[in-house]
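Next come the chains, spelled out residue by residue.
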Protein chains: 2
Amino acid sequence: MNEKRIPQRILLGPGPSDCHPEVLKAMATPLVGHLDPVFLEQMNETMQRLRQVFQTRNPLTLAMSGTGSAGMETVFVNALEPGDRVVIGICGAFGERMVDVASRTGAEVIQVRAPWGKIVDPGQIQEALKSHPRVKAVAVVHAETSTGVLQPLEEIGRFAQNYGALFLVDAVTSLGGVPVPVEEAGIDACYSGTQKCLSAPPGLSPATFSPRFEEALERRKRKVQSWYLDLTMVRQYWGMERFYHHTAPITMMYALHEALGLLLEEGLDSVFRRHLVNGRALQAGLEAMGLKLYADERHRLPQLTSVWIPDGVEDTLVRNRLLHEYGIEIGGGLGEVKGRVWRIGLLGHSSRRRNVLLLLGALEQILRSVGYSVESGIGCQAAEGVYRDFFG
Amino acid sequence: MNEKRIPQRILLGPGPSDCHPEVLKAMATPLVGHLDPVFLEQMNETMQRLRQVFQTRNPLTLAMSGTGSAGMETVFVNALEPGDRVVIGICGAFGERMVDVASRTGAEVIQVRAPWGKIVDPGQIQEALKSHPRVKAVAVVHAETSTGVLQPLEEIGRFAQNYGALFLVDAVTSLGGVPVPVEEAGIDACYSGTQKCLSAPPGLSPATFSPRFEEALERRKRKVQSWYLDLTMVRQYWGMERFYHHTAPITMMYALHEALGLLLEEGLDSVFRRHLVNGRALQAGLEAMGLKLYADERHRLPQLTSVWIPDGVEDTLVRNRLLHEYGIEIGGGLGEVKGRVWRIGLLGHSSRRRNVLLLLGALEQILRSVGYSVESGIGCQAAEGVYRDFFG
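Residues numbered from 1 in each chain as written. Chains lettered and ligands numbered in written order. Predicted model: local features only at pLDDT ≥ 70, side-chain atom pairs only at ≥ 80, totals over all residues. Heavy atoms only, no water.

Observations concerning the domain arrangement of chain A
All names here are of chain A. Defined as follows: For the domain bounds, the source is a domain assignment made automatically or taken from a database. Working rule for contacts: check all heavy atoms of both residues, and any pair within 4.5 Å makes them a contact. Put simply, buried area is the surface a 1.4 Å probe can reach on two separate parts but cannot reach once they are joined, added for both. For this document, the term salt bridge refers to a Lys or Arg side-chain nitrogen within 4 Å of an Asp or Glu carboxyl oxygen. Any pair of N or O atoms that falls within 3.5 Å is considered a polar contact. Within protein, one atom must be able to donate a hydrogen and the other to accept it, and sequence-neighbouring residues count only if both atoms are side-chain atoms. Numbering of helices and strands runs from the N terminus; a helix is a DSSP stretch of H or I covering at least four residues, while a strand is a stretch of E covering at least two. Each residue is assigned to one of three groups, with Ala, Val, Leu, Ile, Met, Phe, Trp, Tyr, Cys and Pro labelled nonpolar, Asp, Glu, Lys and Arg labelled charged, and all others, Gly among them, labelled polar.
As far as domains go, chain A holds domain 1 (31-265) and domain 2 (267-391). With centres defined by C-alpha atoms, the gap from domain 1 to domain 2 works out at 29 Å. Facing 30 residues of domain 1, the contacting portion of domain 2 comprises 23 residues. Broken down residue by residue, the surface that domain 1 buries against domain 2 is led by Trp116, Gly148 and Leu263, which jointly contribute 23%. Viewed at the interface, domain 2 and domain 1 are joined by zero salt bridges. Taken together, the connections running from domain 1 to domain 2 amount to 10 residue pairs in polar contact (both at pLDDT 80 or more). Counting residues per element, the side of domain 1 that touches domain 2 draws most heavily on helix H10 (residues 250-266), at three residues. In terms of residue class, the side of domain 1 that touches domain 2 is made up of 14 nonpolar, 12 polar and four charged.

Set out below in structure tokens:
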């Protein structure tokens, strides 16, 4: 019944991305129980696969039973208590969300702001750590989905460590698209989402926590404010104890297990290269068409490109025509650039040469029809140039 | 890949239950975006279907993006603030969980306890309301999944109303199995799970909130402590505003939409009758085999039967043999009856005559092989007797 009513889209927005057909097939597998030995074995394999993708040996590496935002909340409610102090770097909507989520724990939030489209300056994070005693944690967004900016992590990680603070990182849009070197960057808690570069449906938040984070958890004075996201209990289900906490989302777990298997089969390096070349090709094509990219060019994500909407062109008209005439979804702007930028994702299984060329072609047609002047085929030519440079 | 490794089970535990094949098929549908007009239309239809199943006209009727426990937390964190007072009825593990979840809001929890296996006495709830001023809410579990008891609601609903308290009800195991008359019982907030009598995979919590609950939400002094479960924001995505909050679990929403469609096609009354007759048949069969049921006979759920494990019979040995020799999952005991009772679910699509007879037959074989004396075929005969009485 469902398949007949749901049209087939090409998902080139900021997520969800297209699922690999094998992931969809996995979701049609009949259920087993959440304490079935076969399921527990698959959970162990999923944890092992997640460690590879997060580039860590952290024992506490699992998937929370909610979307990426539940992962964000998990990290903050487990890390913070009333009276704690946290430094948050903000250069987009998801940094803002961190402030909202962290504030609800009763912790004091010290905000380090950068203009949207730029990265957060690591030096300013260091300043904040210097001028505020006993900061418990420092948090930044690795791939800011609202602007398309890739935040460098290593320096901030070192500062956090120097000041004895936990380093918390949002990798919702980065994991599986660009390297997320959890151990190397000194990250203590890192969460992601299934529906971006992992190419599974939305619904789980893969996350990993360092032994240092677990020690901090032991030293808490009060219970974690969320029962559902309380890692002191959740880890006893994922760990050897297998204590029942809540019923795991079985089918979503099938999907994640399968998606991680496909990703590791392709190989992390190949996956990152694929994202890089398709992203650069798209960006070259858009620029050749005379469009201006939004994110600072030194820190552009390959998997998520934000572009200014040209003057006189109406946001929703173009997006609706892409959707209805070509079946392509792209995203609109969030927050301060709502209605002023488009966000084009080439995430996971959606990151394919055919999608780049299709989008550039479709966008050219629509833009020309609304009076925007663009030379025929110039976007695709520029993209093809990038593919030639990479692959010869 | 996945299908080959996951064995086919018959799920007769306390959940998840077997999914209808059409629900599994719906989950293999390619994704659309969470703001796609086709998806938003399907959400509206899902809300309408949920209102029918919850027997309510509540505008705020939706599915939270987590399992049933996330639904529980949603209700308490939105209803309560520090300093508020809540009366909770407890007669099993999920009542206990309510106390834990509610306590984390900073509210004062007044506990009204009954022995496990019994219902909470409505008179004692009234007493608690009388002796404590300004109680903000009264909460009970409708179908206590740890004991198999069905809690009557109407009287408690009236007491709550008389004292100006919100009435909060856990319908995780009841919704779709027995009537959950939200409006008639004066319920202000009611949550469920997808993986019990709705026969969809675990991962969403359908929930409904009365206009009175929404008014109380407006009068809150502080933000809801959970960002992810904050109804003041979540309702703006489900409502006409369509504000992005978090990325909806698209595939789980397909499943819920399909599962509700199948349920309503069968008809609520037929569904309740099916659960009733299969439950009574199972219970008659178990008793004929000399087993003792755990729940108070005046308040037994048809869809979840708890039964004492006979003396000298080892819990896990029997459950492992059911699983490995017959592919049948049943549940063990929780909390104070861990290792002492089995919990047998006939939930949703699992509630079928063939499952009742198969389980009774398999259990007879295993019990006899471990030295428990039982007359051959007596359980199935008693069950068939119940079917004859119902259907002639």
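Here the narrative resumes.
Examining the sheet that holds strand S13 (residues 331-332) of chain A
Residue and element names in this part refer to chain A. The condition is simple: When DSSP locates at least two bridges between a pair of strands, those strands are taken to pair. Orientation is described by lines fitted to C-alpha atoms, with helices fitted over the stretch in contact, and by angles between N-to-C directions that extend from 0 to 180 degrees.
The three strands are arranged S11-S14-S13 in an open sheet whose pairing can be described as antiparallel. Either end of the sheet is taken by a strand with one partner, and the two such strands are strand S11 (304-308) and S13. In this structure, S13 lies alongside strand S14 (residues 341-345), joined through two bridges in antiparallel fashion. Following the sheet pairing, Gly332 is matched in S14 by Trp342. Against the sheet, helix H11 (residues 268-288) makes contact with S11 and S14, and its axis sits at roughly 10° relative to S11, the strand it touches most.

What to know about the interface of chain B and chain A
Counting from both sides, the interface comprises 69 residues of chain B and, opposite them, 69 residues of chain A. Taking both sides of the interface into account, the surface hidden between chain B and chain A amounts to around 6,000 Å²; carbon and sulfur atoms contribute 59%. For the pair chain B and chain A, the interface holds eight salt bridges. With a closest N to O distance of 2.8 Å, Asp100(A) and Lys223(B) form a salt bridge. Our enumeration of links across chain B and chain A arrives at 23 residue pairs in polar contact (both at pLDDT 80 or more). At the level of secondary structure, the elements contributing two or more residues to the side of chain B that touches chain A comprise helix H1 (2-5), helix H2 (21-27), helix H3 (37-54), helix H4 (68-79), helix H5 (93-103), helix H10 (250-266) and helix H12 (315-326) of chain B. Per-element accounting of the side of chain B that touches chain A gives the leading share, seven residues, to H10(B).

Considering the relation of the copies chain B and chain A
For the record, the criterion: Copies overlap after least-squares fitting; the atoms used are the C-alpha atoms of residues with pLDDT of at least 70 in both.
Superposition record for chain B on chain A: RMSD 0.0 Å, screw rotation 180°, translation along axis 0.0 Å. Seen this way, the second copy is the image of the first under a two-fold rotation axis. Looking at the interface residues of chain B, 100% of them are also at the interface in chain A, so both copies use one shared face.

Observations concerning the pattern of salt bridges
Just so we agree on the cut-off: Burial status follows relative accessibility: with a 1.4 Å probe on protein chains alone, a residue under 20% of its type maximum counts as buried, one over 50% as exposed, and anything between as partly exposed.
Evaluated as defined, the whole model comprises 42 salt bridges over all chains. Put simply, Glu22(A) and Lys25(A) hold a salt bridge, and the shortest N to O gap is 3.4 Å. Taken together, the residues span about one helical turn, with Glu22(A) and Lys25(A) both in helix H2 (residues 21-27) at a distance of three residues. Residue Lys25(A) is classed as partly exposed on the basis of its relative accessible area, which comes to 42%. The network of salt bridges with shared partners includes Asp100(A), Arg104(A), Lys223(B) and Asp230(B).

Side note on the environment of Val53(A)
All names here are of chain A. With respect to the helices, strands and loops of the structure, Val53 is situated in helix H3 (residues 37-54). Between the alpha carbons of Val53 and Leu268 there is a distance of 7.4 Å; along the sequence they are 215 residues apart. Discounting chain neighbours no more than four positions away, the residues touching Val53 are Leu175, Gly176, Val180, Leu198, Leu260, Leu263, Leu264 and Leu268.

What about the sheet that holds strand S3 (residues 85-90) of chain A?
Residue and element names in this part refer to chain A. The sheet built from seven strands is open, its strands ordered S2-S10-S9-S8-S5-S3-S4 with mixed pairing. The open sheet is flanked by strand S2 (60-64) and strand S4 (108-113), the only strands paired with a single partner. For this sheet, the mean angle separating the axes of adjacent strands, direction not counted, is 15°. Taken together, the six bridges between S3 and S4 define a ladder with parallel strand orientation. Directly across from Val86, in S4, lies its bridge partner Val109.

Section: the UniProt feature "modified residue: N6-(pyridoxal phosphate)lysine" (unreviewed entry) in chain A
Residues and elements named next belong to chain A. Heads up, the condition is: UniProt positions are given in the numbering used here, feature names are shortened, and annotations may be inferred rather than shown by experiment.
Using the residue numbers shown here, the UniProt feature "modified residue: N6-(pyridoxal phosphate)lysine" (unreviewed entry) corresponds to Lys196. Residue position: Lys196 is located in the loop between strand S9 (189-191) and strand S10 (205-209). Setting aside its immediate chain neighbours within four residues, Lys196 contacts Pro14, Gly15, Ser17, Thr145, Val172, Thr173, Leu347 and Gly348.

Considering helix H11 (residues 268-288) of chain B
Residues and elements named next belong to chain B. Put simply, the rule reads: A helix is expected to span 1.5 Å for every residue after the first.
Relative to the 30 Å expected for 21 residues at 1.5 Å per residue, H11 spans 30 Å between its end C-alpha atoms, a close match to the ideal helical length. Taken as a whole, H11 has its buried residues at Leu268, Val271, Phe272, His275, Val277, Asn278, Gly279, Ala281, Leu282, Gln283, Gly285 and Leu286. Here the buried face of H11 lies against H3, H10, strand S11 (304-308), strand S14 (341-345), helix H13 (353-369) and helix H14 (378-391).

Observations regarding the packing of aromatic side chains
Note the following rule: Ring geometry is summarised as follows: Phe, Tyr and Trp rings, the Trp one being its six-membered ring, pair when their centres sit within 6.5 Å, and such pairs are stacked at plane angles under 30 degrees, edge-to-face over 60 and tilted between the two.
Tallied over the full model, the rule gives eight aromatic pairs over all chains. Their ring planes at 50° and their centres at 6.2 Å tell us that Phe390(A) and Phe391(A) sit as a pair that is tilted. For the pair Tyr294(B) and Trp308(B), a centre-to-centre distance of 4.8 Å together with 80° between the ring planes defines the contact as edge-to-face. Note that Tyr294(B) is positioned in the loop between H11 and S11 and Trp308(B) in strand S11, a separation of 14 residues in sequence.

Considering the packing of H10(B) against H11(B)
Residue and element names in this part refer to chain B. The test is simple: When describing relative orientation, an angle under 35 degrees is termed roughly parallel and one over 145 degrees roughly antiparallel, while 65 to 115 degrees is termed roughly perpendicular and anything else oblique.
One way to put it is that H10 packs onto H11 with a least axis distance of 5 Å and a crossing angle of 90°. Comparing the axis directions of H10 and H11 gives the class roughly perpendicular. Contacts between H10 and H11 involve Leu263, Leu264 and Glu266 from the first element and Leu268, Ser270, Val271 and Arg274 from the second. Residues of the contact of H10 with H11, tallied by class, amount to four nonpolar, one polar and two charged.

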